[in-house]
Amino acid sequence: MIALMISLAITGISHMGSIKDAMETITIERAERINIITAMRRIVRERSLTMYAIYLTEDAFSRDDEFMHFNALAEQFIKLRTQFEEAGVLPQQQAMFSEALQLISRSAPLQQRIVDLMIEDNQKDIYSLMSAIDLPLEKKILTLFDKLIEIEQEITRNANAAAKQEYETAYFMMITIGVIVTLVGVLITVLVIYRTRQIEGALFEAKEQAEVTLHAIGDAVITADAQGRIVYLNPVAEHLTGWRCADAAGKDISLVYRVNEELTGNKVNHPAYQGNVDGQVMGLHQHYVLNSRDENEYMVIDTTSPLFKNNGEKFGVVVVSRDVTHERNLAHQLSWQARHDSLTGLANRREFEILLNTLLSNTDPNRPKHALLYLDLDQFKLVNDTCGHVAGDELLKQIVALLKSNIREADLLARLGGDEFGLILEACPLPKAERIASQLVESVRDFRFVWKGKVFSLGVSIGLAMIDEHCRDSEAILSAADAACFIAKDKGRSRVWIHHLDDQDVAQRHGEMEWASKINAALENDRFLLYYQKVQPITQNDGCNYFEFLLRMVNESGEIVAPMAFIPAAERFGTMAAIDKWVVKRVLGWLHRKHGKIKNNDVYSINLSGQSLCDDGFLQFCITELDESRVDPRQICFEITETAAISNWRHANQFVSALKSRGCQFALDDFGSGMSSFAYLKNLPVDYIKIDGAFVSDMLSDPVDQVMVIAINQIGQVMGIKTIAEFVENEDILNILKVMQVDFAQGYGIHMPEALEPLNFKVHYLSDDKFKII
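Just so it is clear, the structure is predicted and the values come from calculations on it, not from any experiment.

Asks: An account of the sheet that holds strand β8 (residues 370-378) is requested, with residue identities and associated values reported.
Replies: With mixed pairing, 5 strands are arranged side by side in an open sheet as β9-β10-β8-β13-β14. Strands at the two margins of the open sheet, each flanked by one partner only, are β9 (412-415) and β14 (496-498). Averaged over all pairs of adjacent strands, the angle between their axes in this sheet comes to 20°, without regard to strand direction. As judged from the 6 bridges shared by β8 and strand β10 (residues 420-425), these two strands associate in the antiparallel manner. Counted as the bridge partner of Leu373 is Leu423 from β10.

Listed below in structure tokens is the structure:
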């Protein structure tokens with residue numbers, strides 16, 4: 001209270017000092033403003049007097065001096081006016097000051113004119129100008145400045161009066177607050193006495209509540225004195241330690257609260273044993289086991305806190321211990337599940353890669369060589385599709401048991417995917433690894449899976465890659481084994497393929513895998529381009545144009561990639577249907593935008609792959625896009641290669657029939673390259689036959705090719721199917737085709753492919769499948 005009173009006194013004195021300073025500041029500021037206004041008034045008056053002095057002075061030199069003084073006064077006035085404006089013109093002064101400035105702006109040119117007449121010794125009308133015009137203006141200006149001075153003085157008086165009033169009010173408030181603080185001090189004294197008596201009663205209640213709480217709390221609470229002797233155990237502590245509080249009282253805490261390490265079983269040097277708990281809370285957080293008196297074990301975490309007297313002297317410790325046995329068991333279970341496959345119990349891909357990285361991190365040049373096997377079950381999909389997923393799961397369990405019976409206990413077998421497994425053979429040279437892999441192949445080949453009376457034979461394809469001093473990257477070695485497994489499947493399944501650095505098959509597989517990744521990226525980022533090539537009619541021209549759309553891909557460097565560079569990989573990895581959908585959607589969208597700008601009888605050709613024909617949803621996709629784009633189906637021609645049509649005959653026939661019923665046209669591409677071309681042609685309702693370019697390009701030098709072109713063209717004429725010759729690259733080939741009466745010609749000799757949309761570079765074509773960017 002004394003400190004409060006002193007602080008109030010200091011604050012009051014400081015406040016009154018601030019009021020006094022404010023009064024002085026106001027007085028000084030107003031004095032400065034009055035001085036500025038007075039000076040401006042003086043200059044107005046002095047300029048008039050100077051003008052009269054010039055009028056009365058006959059001496060030329062004196063007159064020049066007065067003239068210079070006259071001009072200097074104007075400059076002084078401008079500076080003073082700027083100072084006054086910067087100081088701030090009060091609202092009640094604004095109108096007067098503006099009026100004064102307007103009068104000055106009228107007076108100044110008049111005075112300047114009078115002075116100029118004086119300098120020129122033109123005395124005519126000078127007196128009348130001065131007396132009739134200038135003097136009245138001067139009087140008005142001086143009157144306005146006087147009023148401005150009066151306003152400043154009035155404001156100064158008012159501000160001083162207000163400050164004085166505030167000073168008196170502050171003084172009165174100090175006296176009042178002093179009285180109030182004294183009264184509050186007395187009141188607080190009474191309240192402190194009353195509150196002290198309340199606290200004494202509350203302390204007793206708190207003690208009772210603490211004892212009840214300690215009995216009801218879910219954690220074990222153990223208190224010990226400064227020498228480490230047990231003082232108290234709550235019921236949970238009695239349960240965990242196996243000691244009753246009465247039996248444990250006075251015994252050393254290390255005998256009652258026995259904690260060991262979970263993994264090693266070694267005794268823990270607990271902070272409470274040594275009594276070395278200082279001001280910080282200490283404790284055990286994980287991997288510790290409490291051994292009870294009755295030989296039960298509990299996983300616990302605890303905290304140990306010191307107890308201090310008011311003087312800072314430590315008089316004991318409190319250990320709060322929590323039973324986390326259930327949580328720890330659950331965590332172990334979750335950890336196991338995170339590292340293992342729930343169906344087979346094998347390690348999962350993550351655990352497999354951890355061991356693989358551990359082996360690769362060993363940089364010892366004398367380290368043993370290890371083997372990595374990538375296993376892929378053959379015919380697993382057949383069982384899954386035929387008998388259901390339950391049968392597939394049972395098959396995987398039996399296969400895992402079979403595989404584990406053929407490998408060493410130290411080897412790690414992991415499930416990497418649906419029917420794919422990984423096997424790490426530690427310290428296993430190549431000959432031994434190859435024998436184990438071959439044994440696995442034979443075991444699976446001899447295995448028979450029986451499900452509800454059905455018997456299935458299976459196989460396993462294995463890719464083998466050695467982990468040696470050349471391996472540093474787990475992803476690379478896994479990819480190598482995967483590629484080798486793919487080659488094993490490609491070579492006939494149920495066999496082992498060993499990866500070598502110079503293996504051309506694996507290199508081709510890696511190349512296709514890289515292209516697959518690039519194709520997916522191009523689809524996601526819309527990095528495909530459409531080109532078009534005109535097909536020229538030869539025998540007759542009914543006014544319609546025939547265009548074929550061609551596909552290009554733009555790689556990450558912005559370069560255009562020819563289709564033959566990425567189409568094989570797309571077909572290998574099943575992305576052709578997605579690419580064909582992209583082409584169909586873009587072509588129909590472009591035709592929709594060009595509606596009214598193209599001829600109604602023009603034909604636009606789109607190439608389709610065999611994968612798209614077999615795709616269950618592709619036919620409906622095409623129908624939907626045709627309906628939504630509102631493009632005339634008669635203008636769309638789908639090109640299907642002869643090989644794709646023959647290989648997927650049922651799907652091809654269904655696809656062609658469905659879209660032809662809507663008006664679409666069809667062309668059979670690369671005709672003549674298949675073994676059964678003519679037989680299938682009778683049953684496939686196509687509108688165009690595109691003669692394989694291999695026959696057309698060489699028919700000038702090869703009579704057999706020329707006869708093949710003639711035969712295909714004649715068959716097309718007999719069947720009422722128009723023929724298109726591909727790879728027409730020069731005038732000589734075109735002339736022969738005219739003689740043969742082939743309907744259309746297509747090739748670089750007819751029309752160089754052009755981008756459907758403008759490009760910021762040029763494409764120079766070298767041949768039908770080669771070009772360079774300029």
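Having seen the structure, we can now continue with the description.
Asks: I'd like a description of a nonpolar patch on the surface, backed by residues and values.
Replies: There is a patch of nonpolar side chains on the surface, built from Tyr171, Ile175, Val179 and Leu183 and spanning about 420 Å² of accessible area. Tracing the backbone through its elements, the reader meets Ile175 in helix α4 (residues 126-216). The class of Ile175 is partly exposed, set by a relative accessible area of 48%.

Asks: Lay out the nonpolar core in plain terms, naming residues and giving numbers.
Replies: Counting 68 residues, the largest nonpolar core has Leu659 and Leu737 as its most contacted members. Setting aside anything within four residues of it in sequence, one finds Leu659 in contact with Leu619, Cys622, Ile623, Leu626, Phe638, Cys664 and Phe666. With 37 residues, the next largest nonpolar core counts Leu346, Val383, Ala437 and Leu440 among its residues.

Asks: Give me the side chain of Thr156: which residues, what numbers.
Replies: Position of Thr156 among the secondary structure elements: in helix α4. What makes Thr156 buried here is its relative accessible area of 12%. For Thr156, the side chain forms a polar contact with the main-chain oxygen of Glu152, separated by 2.8 Å.

Asks: Report on helix α14 (residues 474-490), specifying residues and quantitative values.
Replies: For an α-helix, the turn length of 3.6 residues means that residues three or four places apart are oriented alike. Compared with an ideal rise of 1.5 Å per residue, which puts 17 residues at 24 Å, α14 spans 24 Å between its outermost C-alpha atoms and is within 8% of the ideal. For α14, every residue scored as buried is listed here: Ser474, Ile477, Leu478, Ala480, Ala481, Ala483, Ala484, Cys485, Ile487, Ala488 and Lys489. Its side-chain oxygen placed 3.2 Å from the backbone nitrogen of Glu475, Asp473 serves as the N-cap of α14. A positive backbone phi angle near 130° is found at Gly492, which sits one or two residues after α14.

Asks: Please provide a residue-by-residue account of the packing of aromatic side chains, values included.
Replies: Evaluation of the coordinates by the stated rule reveals 18 aromatic pairs. Aromatic side chains Phe549 and Trp590 sit 6.1 Å apart centroid to centroid with 75° between the ring planes, which places their arrangement in the edge-to-face category. Note that Phe549 is positioned in strand β16 (residues 546-554) and Trp590 in helix α17 (residues 576-593), a separation of 41 residues in sequence. Grouping residues by exposure puts Phe549 and Trp590 together as buried. A network of ring pairs unites the aromatic residues Tyr532, Phe547, Phe549, Trp590 and Tyr604 as a single cluster. The ring of Trp243 carries the charged tip of Arg293 above its face, separated from the ring centre by 3.8 Å. Above the ring of Tyr531, the side-chain terminus of Arg552 is found at 5.2 Å from the ring centroid.

Asks: Report on the pattern of salt bridges, specifying residues and quantitative values.
Replies: Scanning the entire structure with this criterion turns up 22 salt bridges. Across the salt bridge formed by Asp146 and Arg41, the nearest N and O atoms sit 2.5 Å from each other. Taken together, the residues span a long stretch of sequence, with Asp146 in helix α4 and Arg41 in helix α1 (residues 2-56) at a distance of 105 residues. A relative accessible area of 28% means that Asp146 is categorised as partly exposed.

Asks: An account of the pairing of strand β11 (residues 448-451) is requested, with residue identities and associated values reported.
Replies: Taking every second residue as pointing to the same face, the buried face of β11 carries Phe449 and Trp451, while none of Arg448 and Val450 on the other face is buried. Relative to strand β12 (residues 454-457), β11 is paired through 4 bridges, and the arrangement is antiparallel. Within the sheet, the bridge partner assigned to Trp451 lies in β12 and is Lys454. Turn length for the β11-β12 hairpin, with the two strands adjacent in sequence and antiparallel, is 2 residues, and the turn residue Lys452 shows positive phi of about 50°.

Asks: With reference to specific residues and values, describe the confidence of the model for the chain.
Replies: In regions of low pLDDT, the predicted coordinates are not meant to be interpreted in detail. For the chain, the mean per-residue pLDDT works out to 82, and 89% of the residues sit at or above 70. Predicted confidence is poor over residues 764-774, with pLDDT under 50, and the contacts of this stretch with residues over four places away or in other chains come to 30 contacts.

Asks: So, the packing of helix α19 (residues 618-629) against helix α21 (residues 649-660): which residues are in play, and what are the values?
Replies: Put simply, α19 and α21 touch, their axes get as near as 10 Å, and they point 15° apart. Viewed along their axes, α19 and α21 adopt a mutual orientation that is roughly parallel. The handedness of the crossing between α19 and α21 is right-handed. Contacts between α19 and α21 involve Phe618, Leu619, Cys622, Ile623 and Leu626 on the former and, on the latter, Phe655, Ala658 and Leu659. Residues of the contact of α19 with α21, tallied by class, amount to 8 nonpolar, no polar and no charged.

About the cut-offs
- Once a new chain begins, its residue numbering starts again from 1 and follows that chain's sequence as written.
- Residue-level local features of this predicted model are given only where pLDDT is at least 70; pairs of side-chain atoms are given and counted only at 80 or more, and the full residue set underlies all totals for whole chains, interfaces and linings.
- Working from all heavy atoms in the structure, the side-chain values ignore hydrogens and water.
- Should DSSP find at least two bridges between two strands, the strands are regarded as paired.
- Put simply, DSSP marks the helices as runs of H or I at least four residues long and the strands as runs of E at least two long, and each gets a number from the N terminus on.
- What counts as an axis is a line fitted to C-alpha atoms, over the stretch in contact for a helix, and the angles between N-to-C directions run from 0 to 180 degrees.
- In this scheme, patches are assembled from residues that exceed 30% relative accessible area and form no salt bridge. Like charges are connected within 9 Å, while nonpolar side chains (Val, Leu, Ile, Met, Phe, Trp, Tyr) are connected within 5 Å.
- The protein chains shown are the only cover counted for residues, whose accessible areas, like all others here, come from Shrake-Rupley with a 1.4 Å probe.
- The rule for a salt bridge is simple: a side-chain nitrogen of Lys or Arg has to be within 4 Å of a carboxyl oxygen of Asp or Glu.
- Note on classification: 1.4 Å probe, protein chains only; a residue is buried when its accessible area is under 20% of the maximum for its type, exposed when over 50%, partly exposed between these limits.
- The nonpolar core is taken to be a set of buried Ala, Val, Leu, Ile, Met, Phe, Trp, Tyr and Cys residues, with the residues joined through side-chain atoms within 4.5 Å.
- Whether two residues are in contact is decided by their heavy atoms, any of which lying within 4.5 Å being enough.
- Polar contact criterion, stated in full: a pair of N or O atoms within 3.5 Å, where within protein one must be able to donate a hydrogen and the other to accept it, and residues adjacent in sequence count only if both atoms are side-chain atoms.
- Here the expected span of a helix is defined as 1.5 Å times the quantity of residues minus one.
- Between the rings of Phe, Tyr and Trp (Trp by its six-membered ring), a pair exists once the centres lie within 6.5 Å; its type follows the angle of the planes, with under 30 degrees stacked, over 60 edge-to-face, and the other angles tilted.
- For a Lys NZ or an Arg CZ to count as sitting over a ring, it must be within 6 Å of the ring centre and within 35 degrees of the ring normal.
- What pLDDT expresses is the predictor's confidence in each residue, scored from 0 to 100.
- These descriptions rest on fixed angle ranges, namely under 35 degrees for roughly parallel, over 145 for roughly antiparallel, 65 to 115 for roughly perpendicular, and the rest for oblique.
- Here a crossing is called left-handed whenever its near helix is offset anticlockwise from the far helix by less than a right angle, and right-handed whenever the offset is clockwise.
- Polarity classes work like this: nonpolar for Ala, Val, Leu, Ile, Met, Phe, Trp, Tyr, Cys and Pro, charged for Asp, Glu, Lys and Arg, and polar for all others, with Gly in that last group.

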